[in-house]
Amino acid sequence: MNEGSNSVGMARMLLRALSHAGMDPSRFAHLPDLQPDVLVDDLARPSTPTLASMWEQLITHDLGTAIGVNAASLAPLGTYGVWDYLFTSGGNLIESATRALDYVELVGDPTTEWSETVEDGRLFVIRHHTGFAAPDVVQAIEIFAQVLWLRRAREATGRPIVPIRVTFRHRPPREHAHLVEAFGTRNIDYEADANSLIVLDDDARAPLPMSQPGIEHVLVRHANQVLASSRPILDWPGMFRLALDTVLAEDGAPTLERVAQRLAISPRTLQRRLGENGTSWREEIESVRQAQALKLIRGTDLPMQAIAARLGYSDVRAMRRAVHRWHGHPPHTLRAQPSAIGGARTSSASGMPGSG
């Protein structure tokens, strides 16, 4: 039921990260899943496309590998509610981390986040990867996750744990001083098969200071109640519309691949989901172009050629034919008399049920 959504704690952390980086988080204030009543509701779950937009904005600050490190530094114990205490309360780190990662849905999108723990009596390994997204966003999230795991492991054990090795799937960064400082080791490998945080068994089996008999059962019950009561803010049609509008604003000509990436699914899955909602990629592109065309023609002084380019048309003539088909008038007539014509024949922004 929480597919395509993330904990509100993650959204609040990213807003803090934007402010910390000197950026203006209010640029996201118009989004329906970042409204004030959403941000104060611990059971609310903003959408994955919204969080992807915030990660992308952070990356434009050009902090390199510091992005994920800095984000983790803004997530003290308690940021993610019961999940944090699943990680830090238990017999030892092996028990608590394994239990917490079974409940990663409390923090992230269950369709994009994968993690596991492995122990062999000598080493304890946490592995993780995130799903579909732009490569730089994936890198930032995976660095953030690894640094956060280590931070929680240190908080859980009360020990200054230093991993014996850290691995990442992505290419070596131009500089990795921030990672060396965060992990406390230079044993960091890149282009590995998996992201992993590897610590000694002695650290992983050390008793946890916050452990209390039976507390893990209480936390698991509460975790299940939170998941059952969680409230994704957008349904799937709403997430699709948000992703499509965002890509349109960024690229001008949205592609199936880019919108699917924003939704953290494959292009084939996106086409299937559209079909299940009674529409198609072609129909949705047509409706969003219609809405955007009217908005740009009536609300701006942009030349028609610039509007055509923004909407992804090959030339002005193609846009002119489309506008005439939609509204019964050419673009220059709509601009000259915006209040008198054009509105009656404008169709809904989306044919999908639940899209408003």
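All values derive from a computational prediction rather than experimental measurement.

1. Remarks on unusual backbone geometry
In step 1: For Glu191, which is not glycine, the phi torsion reads 55° and is therefore positive.
In step 2: Despite not being glycine, Ala264 has its phi angle at roughly 65°, a positive value.
In step 3: Following the sequence through the fold, Ala264 ends up in the loop between α12 (256–262) and α13 (267–276).
In step 4: A relative accessible area of 6% places Ala264 in the buried class.

2. Re the pattern of salt bridges
In step 1: For the coordinates displayed, the defined rule picks out 19 salt bridges.
In step 2: Two residues, Arg152 and Glu155, come together in a salt bridge whose shortest N-O distance is 2.9 Å. Here Arg152 and its partner Glu155 are both found in helix α7 (residues 135–157), three residues apart, which amounts to about one turn of the helix.
In step 3: Relative accessible area serves as the criterion here: at 25%, Glu155 is assigned to the partly exposed category.
In step 4: Here Arg317 makes a salt bridge to Asp315, at a shortest N to O gap of 3.7 Å.
In step 5: Among the residues examined, Asp315 registers a relative accessible area of 27% and is labelled partly exposed.

3. Remarks on the environment of Leu14
In step 1: Locating Leu14 in the fold gives a position in helix α1 (residues 8–20).
In step 2: Taking the relative accessible area as the measure of exposure, Leu14 reaches 0% and is therefore buried.
In step 3: In sequence terms Leu14 and Trp55 are 41 residues apart; their C-alpha atoms lie 7.4 Å from each other.

4. Considerations on the environment of Leu219
In step 1: In this fold, Leu219 is placed in helix α10 (residues 215–229).
In step 2: Expressed as a C-alpha distance, the spacing of Leu219 and Leu86, which sit 133 residues apart in the sequence, is 6.4 Å.

5. Notes on the packing of aromatic side chains
In step 1: According to the stated counting rule, one finds eight aromatic pairs in the structure shown.
In step 2: Ring geometry for Trp83 against Phe87: centres 5.4 Å apart, planes inclined by 55°, an arrangement best described as tilted. Of the two residues, Trp83 and Phe87 both sit in helix α5 (residues 82–88), four residues apart, roughly one turn of that helix.
In step 3: The class of Trp83 is buried, set by a relative accessible area of 0%.
In step 4: Centroid distance Phe240 to Trp281: 6.5 Å. Interplanar angle 80°. Geometry classified as edge-to-face.

Parameters at a glance
- Residues numbered from 1 in each chain as written.
- Predicted model: local features only at pLDDT ≥ 70, side-chain atom pairs only at ≥ 80, totals over all residues.
- Heavy atoms only, no water.
- Helix = DSSP H or I, 4+ residues; strand = E, 2+ residues; numbered from the N terminus.
- Buried < 20%, exposed > 50% of the residue type's maximum accessible area, 1.4 Å probe, protein only.
- Salt bridge = Lys/Arg side-chain N within 4 Å of Asp/Glu carboxyl O.
- Phe/Tyr/Trp six-rings, centres within 6.5 Å; stacked < 30°, edge-to-face > 60°.

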